[in-house]
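Residues per chain, in single letters:
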Amino acid sequence: MKLFFASDLHGSLTATQRMIDAFTASKADHLLLLGDLINFGPRNPIPEGHNPIAVAELLNQYAESIIAVRGNCDSEVDQMLLSFPIMSDYNIVLLPTGQKLFLTHGHQADWWNYIFWKWSRFMVRILWKPLNVMGIADPTSPAKNYKELIKVERRTKKWITENNNLITVVGHTHRPRFPEPGDIPFFNDGSCVHPRSITGMEIENGEISLIKWQISTTDDGNLKIVRVLLEGPVALKNYKTI
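First, a word on what this report is: a plain description of the structure on this page. (Residues numbered from 1 in each chain as written. Predicted model: local features only at pLDDT ≥ 70, side-chain atom pairs only at ≥ 80, totals over all residues. Heavy atoms only, no water.)

### Things to note about the overall build of the protein
Note the following rule: Secondary structure counts use DSSP, requiring at least four H or I residues in a row for a helix and at least two E residues in a row for a strand, with both numbered from the N terminus. Burial classes follow relative accessibility: with a 1.4 Å probe on protein chains only, a residue under 20% of its type's maximum area counts as buried, one over 50% as exposed, and anything between as partly exposed. Contacts are assigned to residue pairs with any non-hydrogen atoms lying within 4.5 Å of each other.
Per the secondary structure count, the protein includes six helices and ten strands. A burial count over the protein gives 47% of its 242 residues as buried. Partitioning the contacts of the protein with sequence separation of at least 6, the portion at a separation of at least 24 is 61%.

Structure below.
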């Protein structure tokens with residue numbers, strides 16, 4: 001069984017098409033989508049190729065292969081466009097190795113986006129959106145603020161250690177993470193809205209890898225998608241659960 005992980009499409013048809021191309025080329029059995037699929041959120045810039053309806057139609061073609069969780073930008077309205085469930089906060093996959101894989105978007109450790117989301121939404125509309133126009137980044141966003149990123153990751157790692165070192169894969173921060181064998185098994189597949197590239201993960205034959213698919217120019221001047229191995233493959237058995 002081969003698994004392909006991606007997240008944070010944010011309604012970009014450009015990013016979604018790149019991701020689907022990479023998924024089909026990988027010949028993976030299942031596509032695991034870790035949230036923020038067809039909405040970009042009020043404090044994020046409109047992504048390249050923004051077309052939520054077309055993104056939903058493209059993803060629906062692969063509905064039978066998809067396992068998904070809800071991101072902080074996903075809603076019941078988004079679910080109406082999709083023919084596979086996205087509203088679960090988490091999913092658990094039992095791997096052939098006998099290990100459990102915990103899938104969630106990751107915003108649950110981001111208090112501004114989970115516990116204080118109503119206050120955060122108010123602040124975005126009144127304060128941070130106008131300041132973003134002036135070039136001032138939202139300090140509450142872990143995708144834009146390194147200190148907030150570290151806080152979110154620290155809370156996630158604490159939760160993992162309190163839950164038997166459960167192998168956990170998230171998205172949300174747009175920052176790939178791949179632990180060393182023996183470290184806390186906290187993985188982040190990155191994002192599909194990086195300029196000219198996407199990042200994701202694969203699990204095959206009991207091994208996990210972090211991958212980037214990027215646009216490259218051939219010698220004859222044509223563009224193609226190139227698969228770049230960033231980390232791994234590492235045997236999942238090297239991440240000990242309790």
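### What to know about the sheet that holds strand 10 (residues 223-235)
Basically, it comes down to this: Two strands pair if DSSP finds at least two bridges between them. In this analysis, axes come from line fits to C-alpha atoms, helices being fitted only over the stretch in contact, and the angle between any two N-to-C directions falls in the range 0 to 180 degrees.
The six strands lie next to each other as 3-2-1-8-9-10, forming an open sheet whose pairing is mixed. The open sheet has two edge strands, strand 3 (66-68) and strand 10, and neither has a second partner. On average, each strand axis in the sheet is inclined to that of its neighbour by 25 degrees, with strand direction left out of account. For strand 1 (residues 2-6) and strand 2 (residues 30-33), the ladder comprises four bridges, and the chain directions are parallel.

### Thoughts on the pattern of salt bridges
Heads up, the condition is: Criterion for a salt bridge: a side-chain nitrogen of Lys or Arg within 4 Å of a carboxyl oxygen of Asp or Glu.
The tally for this structure, following the rule as stated, stands at six salt bridges. In this structure, E162 engages K158 in a salt bridge whose closest nitrogen and oxygen atoms are separated by 2.5 Å. Of this pair, E162 and K158 are both found in helix 6 (residues 146-162), four residues apart, which corresponds to roughly one turn of the helix. As far as the burial class goes, E162 and K158 line up, both exposed.

### Thoughts on the sheet that holds strand 6 (residues 167-170)
Judged by pairing direction, the sheet is mixed, and its four strands sit side by side in the order 4-5-6-7 without closing on themselves. Lying at the two open borders of the sheet, with one neighbouring strand each, are strand 4 (90-94) and strand 7 (186-188). Across the sheet, the mean angle from the axis of one strand to that of its neighbour is 25 degrees, orientation sign disregarded.

### Regarding unusual backbone geometry
Between G232 and P233 the backbone carries a cis peptide bond, its omega angle lying at 0 degrees. Among the structural elements, P233 can be located in strand 10. Phi is positive for K27, which is not a glycine, with a value near 60 degrees. Position of K27 relative to the elements: it lies in the loop between helix 1 (13-26) and strand 2. Although it is not a glycine, N165 adopts a positive phi angle of roughly 55 degrees. Among the structural elements, N165 can be located in the loop between helix 6 and strand 6.

### A short note on the packing of aromatic side chains
Short version of the rule: Here the aromatic set is Phe, Tyr and Trp, taking the six-membered ring for Trp, and pairing holds for ring centres within 6.5 Å; pairs whose planes are under 30 degrees apart are stacked, those over 60 apart are edge-to-face, and all others are tilted.
Scanning the model with the defined rule gives seven aromatic pairs in all. Pairing F23 with Y62 gives two aromatic rings, centres 6.1 Å apart and planes at 85 degrees, and the pair type is edge-to-face. Within this pair, whereas F23 is found in helix 1, its partner Y62 is found in the loop between helix 2 (52-60) and strand 3, the two being separated by 39 residues in sequence. Residue classification places F23 among the buried residues on the basis of a relative accessible area of 4%. Plain terms: the ring middles of F187 and Y239 are 5.3 Å apart, the flat faces sit at 75 degrees to each other, and that makes the pair edge-to-face. Pair noted here: F187 is in strand 7 and Y239 is in the segment after strand 10, with a separation of 52 residues, a long-range link. With respect to burial, F187 and Y239 carry one shared label: buried.

### Here we look at the nonpolar core
Side chains of nonpolar character tend, in soluble globular proteins, to be buried together. What counts is decided by this rule: Definition of nonpolar core: a set of buried residues of the types Ala, Val, Leu, Ile, Met, Phe, Trp, Tyr and Cys, connected through side-chain atoms within 4.5 Å.
Within the largest apolar cluster, 27 residues are counted, with the highest numbers of intra-cluster contacts made by F4, M19, L31, L33, L37, L59 and F84. At the level of elements, strand 1, helix 1, strand 2, helix 2, strand 3 and strand 9 (207-217) are the ones that each hand at least two residues to this core. Ranked by residue count, the leading element in this core is helix 1, at five residues. Among residues more than four places away in sequence, those in contact with F84 are L33, L37, L59, N60, A63, I66, A68 and Q79. Ranked by size, the runner-up nonpolar core spans 20 residues in total, among them L3, L34, V169 and L236.

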